[in-house]
Amino acid sequence: MKRALITGITGQDGRYLSESLAAKGYQVFGMIRGQANPKARMVQDENPRLELVDGDLRDMASLIAVLEQVQPDEVYNLGAISFVQLSFRQPELTAEITGLGVLRMLDAVRIVGGMENNPMRFYQASSSEMFGKVREVPQSETTPFHPRSPYGVAKMFGHNITVNYREAYGIHASSGILFNHESERRGHEFVTRKITSSLARIKLGLQDTISLGNLESQRDWGHAADYVEAMWAMLQQDEPDDYVVATGETHSIREFLDVAFRCAGYDSWEPYVSHDVRFDRPAEVDLLIGDPSKAKAKLGWEPKVSFEELVRRMYESDLIEEDKAARGMR
Ligand code: NAP
Ligand code: F7E
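Residues numbered from 1 in each chain as written. Chains lettered and ligands numbered in written order. Predicted model: local features only at pLDDT ≥ 70, side-chain atom pairs only at ≥ 80, totals over all residues. Heavy atoms only, no water.

Asker: How do you make sense of the packing of aromatic side chains when you look at a structure like this?
Answerer: Two measures describe an aromatic ring pair: the distance that separates the ring centres and the angle between the ring planes. Under the definition given, this model contains 12 aromatic pairs. Relative to Phe179, the ring of Phe131 lies with its centre 5.9 Å away and its plane at 35°, an arrangement referred to as tilted. Of this pair, Phe131 sits in the loop between strand 5 (121–127) and helix 6 (150–169) while Phe179 sits in the loop between strand 6 (173–178) and strand 7 (181–182), and the two are 48 residues apart along the sequence. One aromatic cluster is present, formed by Phe131, Phe145 and Phe179 through successive ring pairs. Sitting over the face of the ring of Tyr243, Lys294 holds its NZ or CZ atom 5.0 Å from the ring centroid. (Phe/Tyr/Trp six-rings, centres within 6.5 Å; stacked < 30°, edge-to-face > 60°. Helix = DSSP H or I, 4+ residues; strand = E, 2+ residues; numbered from the N terminus. Lys NZ or Arg CZ within 6 Å of the ring centre and 35° of its normal.)

Here it is as structure tokens:
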């Protein structure tokens, strides 16, 4: 039985990946931080075979101890401060966890796995935010980086140090440059979930309007359940490498609103959306659209869930969630 360790187990991707690996027959270990982490029970209920181990990406000794205990075949490093807007308010903490956390995890793999024939394969959760002020359209593995936020800068460090540990120590370390992926489990701070959960509340008569920032930015949005399959496929390759994981389509926030409000039976979203400068960013990423042809050719990976289907699934799930919450059943 293969053993996998996932950091960021309580996050959107950690939850999908742990279920997917368990279904493939893996023994899955999830690294959880903090004392009495409130999300521990949720992930344990979703995946009863999951084993939780204590560790924090800020604490090198804890990472070494986790690897010594688990002895994983595969390490998926998904833990991070992942909210771009928060990274502007807490840049140092973002650099510490999202950037230096990768170095600590890689060094722990190097030390515990050994210098020669290190058996531990490593996945780094890199991001399209590294492309930032994009130098070409669409973005591929060879597009130069130009990050626009402390988050993007920290991810770029994580990406480069992963390549460096691969080249310097021969570690089987791969980076997935994942474009935005969302789901029914997406955090409520991100624009897609903010829209679908607020819309559900509007439909249920619990809320009147949604306050948003910049509606012009364009994103390449896929479904997280599809994207975790690409992570796994990267670690099954003989050689480690970097891959763009994206749909190859882009849509603005306005288009997301169009589709979501149509799903809910409204002709127009304009009467329900207002602008709030608090959600504007000091520097914006205007346009992201990925070229996933390498992932398709080498990993045989393709996204299955369309943009319209993604929006519909998120809205319908939130309608049920918000209705339950309003009745005090959540
Ligand atoms: P997420 O839902 O925000 O989850 C982040 C996870 O990181 C949580 O489990 C969180 O644990 C954990 N974490 C935070 N600080 C930590 C620390 N000090 N030590 C250990 N773990 C810590 O993110 P996601 O959407 O699942 O994304 C997974 C990864 O992919 C992240 O690295 C993200 O930056 C990257 N990524 C995401 C996307 C996307 O569109 N979703 C695209 C590209 C790359 P707590 O519950 O304890 O806070
Ligand atoms: O913003 C605009 C905002 O926070 C998308 C993370 O998973 O994907 C994600 O980062 C766009 C931006 O995601 C609001 O200005 C308008 O242009 O949903 P988001 P993100 O910044 O693209 C990348 C690939 C990651 O790696 C990250 O971890 O929407 N926007 N109004 C808003 N955004 C938010 N959050 N809230 C608003 O009210």
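Asker: How should I be thinking about the environment of Lys39 in this particular structure?
Answerer: With respect to the helices and strands, the residue Lys39 is situated in the loop between strand 2 (27–32) and helix 2 (40–46). For the pair Lys39 and Gly11, spaced 28 residues apart in sequence, the C-alpha separation works out to 9.1 Å.

Asker: Is there a simple way to think about the domain arrangement of the chain in this case?
Answerer: Split into domains, the chain comes out as domain 1 (3–182 + 221–245) and domain 2 (191–219 + 250–288 + 305–329). Taking the mean C-alpha position of each, domain 1 and domain 2 sit 28 Å from one another. The interface is formed by 19 residues belonging to domain 1 together with 22 residues belonging to domain 2. Both sides together, the interface formed by domain 1 and domain 2 hides about 1700 Å², and carbon and sulfur atoms give 63% of it. (Domains from an automatic or database assignment. Contact = heavy atoms within 4.5 Å. Buried area = accessible area lost by both parts, 1.4 Å probe.)

Asker: What exactly am I supposed to notice about the site of ligand 1 here?
Answerer: Of all residues adjacent to ligand 1, which total 28 residues, the nearest are Thr10, Asp13, Arg33, Ser82 and Tyr151. Within the contact set of ligand 1, an oxygen atom lies 2.6 Å away from a side-chain nitrogen or oxygen of Ser82. Between an oxygen atom of ligand 1 and a main-chain N or O atom of His181, the distance comes to 2.9 Å. Bound to the protein, ligand 1 loses 90% of the 900 Å² it would expose on its own. (Near = heavy atom within 4 Å. Polar contact = N/O pair within 3.5 Å; in protein donor to acceptor, adjacent residues only side chain to side chain. Areas by Shrake-Rupley, 256 points an atom, 1.4 Å probe, with all protein chains shown as cover.)

Asker: Would you mind showing me how to read the nonpolar core here?
Answerer: Soluble globular proteins tend to pack their nonpolar side chains together in the buried interior. In terms of nonpolar packing, the biggest core is built from 29 residues, with Ile6, Leu17, Leu21, Tyr76, Leu78, Tyr123 and Met231 touching the most fellow members. At eight residues, helix 8 (residues 224–235) tops the list of elements feeding residues into this core. (Core = buried A, V, L, I, M, F, W, Y, C linked by side-chain atoms within 4.5 Å. Buried < 20%, exposed > 50% of the residue type's maximum accessible area, 1.4 Å probe, protein only.)

Asker: Sorry if this is basic, but what is going on with helix 9 (residues 253–263) here?
Answerer: Residues separated by three or four positions in an α-helix point in the same direction, a consequence of the helix having 3.6 residues per turn. Turning to helix 9, its buried residues number three or more, namely Ile253, Phe256, Leu257, Val259, Ala260 and Phe261. Where helix 9 is buried, its residues touch helix 7 (191–203), strand 8 (210–212), strand 12 (251–252), strand 13 (273–275) and helix 11 (307–326). Looking one or two places after helix 9, you find Gly265, whose phi comes out positive at around 90°.

Asker: What am I meant to see in the site of ligand 2 here?
Answerer: Around ligand 2, the structure places 22 residues, and the nearest of them are Ser82, Ser127, Ser217, Arg281 and Glu284. In the environment of ligand 2, an oxygen atom lies 2.7 Å from a nitrogen or oxygen atom belonging to the side chain of Lys194. The side chain of Ser217 places a nitrogen or oxygen atom 2.7 Å from an oxygen atom of ligand 2. Out of a free accessible area of 700 Å², ligand 2 has 96% covered by protein chains. Class assignment for the residues of the shell around ligand 2 results in eight nonpolar, seven polar and seven charged. (Nonpolar A, V, L, I, M, F, W, Y, C, P; charged D, E, K, R; others polar.)

Asker: Teacher, can you tell me more about the pattern of salt bridges here?
Answerer: One side chain can pair with another of opposite charge once the charged atoms of both are near each other. Applying the stated rule across the entire model yields 24 salt bridges. The closest approach of N and O atoms between Arg312 and Glu316, which form a salt bridge, is 2.7 Å. Here Arg312 pairs with Glu316, and both are found in helix 11, just four residues apart, close to one helical turn. Given a relative accessible area of 30%, Arg312 falls into the partly exposed group. A single salt-bridge network, built from bridges that share partners, covers Glu184, Glu309, Arg312, Arg313 and Glu316. (Salt bridge = Lys/Arg side-chain N within 4 Å of Asp/Glu carboxyl O.)

Asker: Sorry if this is basic, but what is going on with unusual backbone geometry here?
Answerer: Only a minority of non-glycine residues have a phi that is not negative, and only a minority of peptide bonds are not trans. Cis geometry is adopted by the peptide bond preceding Pro138, which originates at Val137 and carries an omega value of -5°. As for its position among the elements, Pro138 is in the loop between strand 5 and helix 6. The backbone of Gln71 shows a phi angle near 50°, a positive value even though the residue is not glycine. Inspection of the secondary structure assignment puts Gln71 in the loop between helix 3 (60–70) and strand 4 (74–77).

Asker: Could you clarify how one ought to interpret helix 8 in this entry?
Answerer: Over its 12 residues, helix 8 extends 18 Å from the first C-alpha to the last, a length consistent with the 16 Å expected when each residue adds 1.5 Å. A large share of helix 8 lies buried, amounting to nine of its 12 residues. Listing the buried residues of helix 8 in full gives Ala224, Asp226, Tyr227, Val228, Ala230, Met231, Ala233, Met234 and Leu235. (Expected span 1.5 Å × (residues − 1).)

Asker: Looking at this model, I keep getting lost on the pairing of strand 11 (residues 242–245). Mind explaining?
Answerer: The two faces of the sheet receive side chains in turn, since in a regular strand these alternate between them. Here strand 11 shows a buried face lined by Asp242 and Val244 and a second buried face lined by Tyr243 and Val245. Bridge analysis of strand 6 against strand 11 gives four bridges, and the strand direction is parallel. Note that in strand 11 the partner of Ile177 across the bridge is Val244. (Pairing = 2+ DSSP bridges.)

Asker: I tried to follow the sheet that holds strand 1 (residues 3–7) on my own but got confused; where do I start?
Answerer: Hydrogen bonds along the backbone pair up the strands of a sheet, which may run parallel or antiparallel. Here we have seven strands laid out as an open sheet, ordered 3-2-1-4-5-6-11, and parallel in their pairing. Where the open sheet ends on each side, the last strands, each with one partner, are strand 3 (51–54) and strand 11. Shown here is a sheet whose adjacent strand axes are inclined to one another by a mean of 20°, direction ignored. Sheet topology places strand 5 next to strand 6; six bridges connect them, and they run parallel. Residue pairing across strands places Gln124 opposite Ser175, the latter belonging to strand 6. Across the sheet, helix 1 (residues 12–23) is in contact with strand 1, strand 2 and strand 4; its angle to strand 1 comes to roughly 175°. (Axes fitted to C-alpha atoms, helices over the stretch in contact; angles between N-to-C directions.)

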